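As a plain string of letters, each chain reads:
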Amino acid sequence: MFLKIIITVLIIAISEISVQCSVASKFRSHDVVPDVIPNAPENPLEVKYPSGVFVDFGNELAPVDVKDVPTVTWNANPEHLYTLISVDPDVPNRENPEFSEIKSWMVVNIPGNNVANGETIVEYIGSGPYKDSGLHRYVFIVLKQPSGKIDFSGEKKATKSEQDGRRNFSILKFAEKYSLDVFAGNFFLAQFDDYVPILIAQLHPELALNP
């Protein structure tokens, strides 16, 4: 009986190490490490959209399929609080990321992985890579809040119709500012499609008049 317990524990440990190595490898293969964070998260993040598509460590998704708020889950401790952030580090393109990172979404003080009960700082917007700007990386990171609830009132809020407050963000600097730990993550790739002008019009009405 004791031997069976030891074997079971070893199998679980090996499985967890395998997952961690796989996550790290994928984050490095697309240069999310070190472009966005210096070290890969140890835990995977599940992200699924109402359209039926899901995020899978660098798979390519169409902007039209990721336009709505996704369901996001991770292996959370229900007693802990977390912050969820999504960014595009490739604006206007990966070769010249002048406005990196663009915040796509930010929810803080999330109890466990109940995102709906967190505090939304930046409302979700989908992927909006400009035409001919190539593939963009869209990175989801969950940060653990070791000290519990945090006052984020100093962070600029943005609705889904506002661009102001999204540009030139840094997950790394944000985590350092509030002493947060990278906990889980995932990412996908996207390039321009016919939905992007709709999103651009939502954020930049003046550009919609002169495409």
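Rules behind the numbers
- Residues numbered from 1 in each chain as written.
- Predicted model: local features only at pLDDT ≥ 70, side-chain atom pairs only at ≥ 80, totals over all residues.
- Heavy atoms only, no water.
- Helix = DSSP H or I, 4+ residues; strand = E, 2+ residues; numbered from the N terminus.
- pLDDT = per-residue confidence, 0-100.
- Contact = heavy atoms within 4.5 Å.
- Salt bridge = Lys/Arg side-chain N within 4 Å of Asp/Glu carboxyl O.
- Buried < 20%, exposed > 50% of the residue type's maximum accessible area, 1.4 Å probe, protein only.

(A) Broad picture of unusual backbone geometry. Backbone torsion omega between Val33 and Pro34 reads 20°, so that peptide bond is classified as cis. Of note, the amide linkage connecting Val91 to Pro92 takes the cis form, showing an omega dihedral of 0°. Structurally, the position occupied by Pro92 is in the loop between strand E5 (81-88) and strand E6 (102-111). Residues other than glycine seldom take positive phi values, yet Asp132 does so here, at roughly 65°. When you line up the elements, Asp132 lands in the loop between strand E7 (119-122) and strand E8 (136-145).

(B) Geometry of the confidence of the model for the chain. Looking at the chain, pLDDT values average 90 and 87% of them are 70 or higher. Low confidence marks residues 7-19, where pLDDT is under 50. Its contacts with residues over four positions away, or in another chain, come to 1 contact.

(C) Structural context of the pattern of salt bridges. Per the counting criterion, the structure on display carries 6 salt bridges. Across the pair Asp31 and Arg94 runs a salt bridge whose closest N-O atoms are separated by 3.3 Å. Of this pair, Asp31 sits in the loop between helix H1 (2-29) and helix H2 (32-35) while Arg94 sits in the loop between E5 and E6, and the two are 63 residues apart along the sequence. Relative accessible area serves as the criterion here: at 33%, Arg94 is assigned to the partly exposed category. Salt-bridge contacts for Lys177 lead to Glu155; the nearest nitrogen and oxygen are separated by 3.1 Å. Taken as a pair, Lys177 in helix H3 (residues 171-178) and Glu155 in the loop between E8 and H3 lie far apart in primary sequence, 22 residues in all. Judged by relative accessible area, which is 56%, Lys177 ranks as exposed. A relative accessible area of 13% means that Glu155 is categorised as buried.

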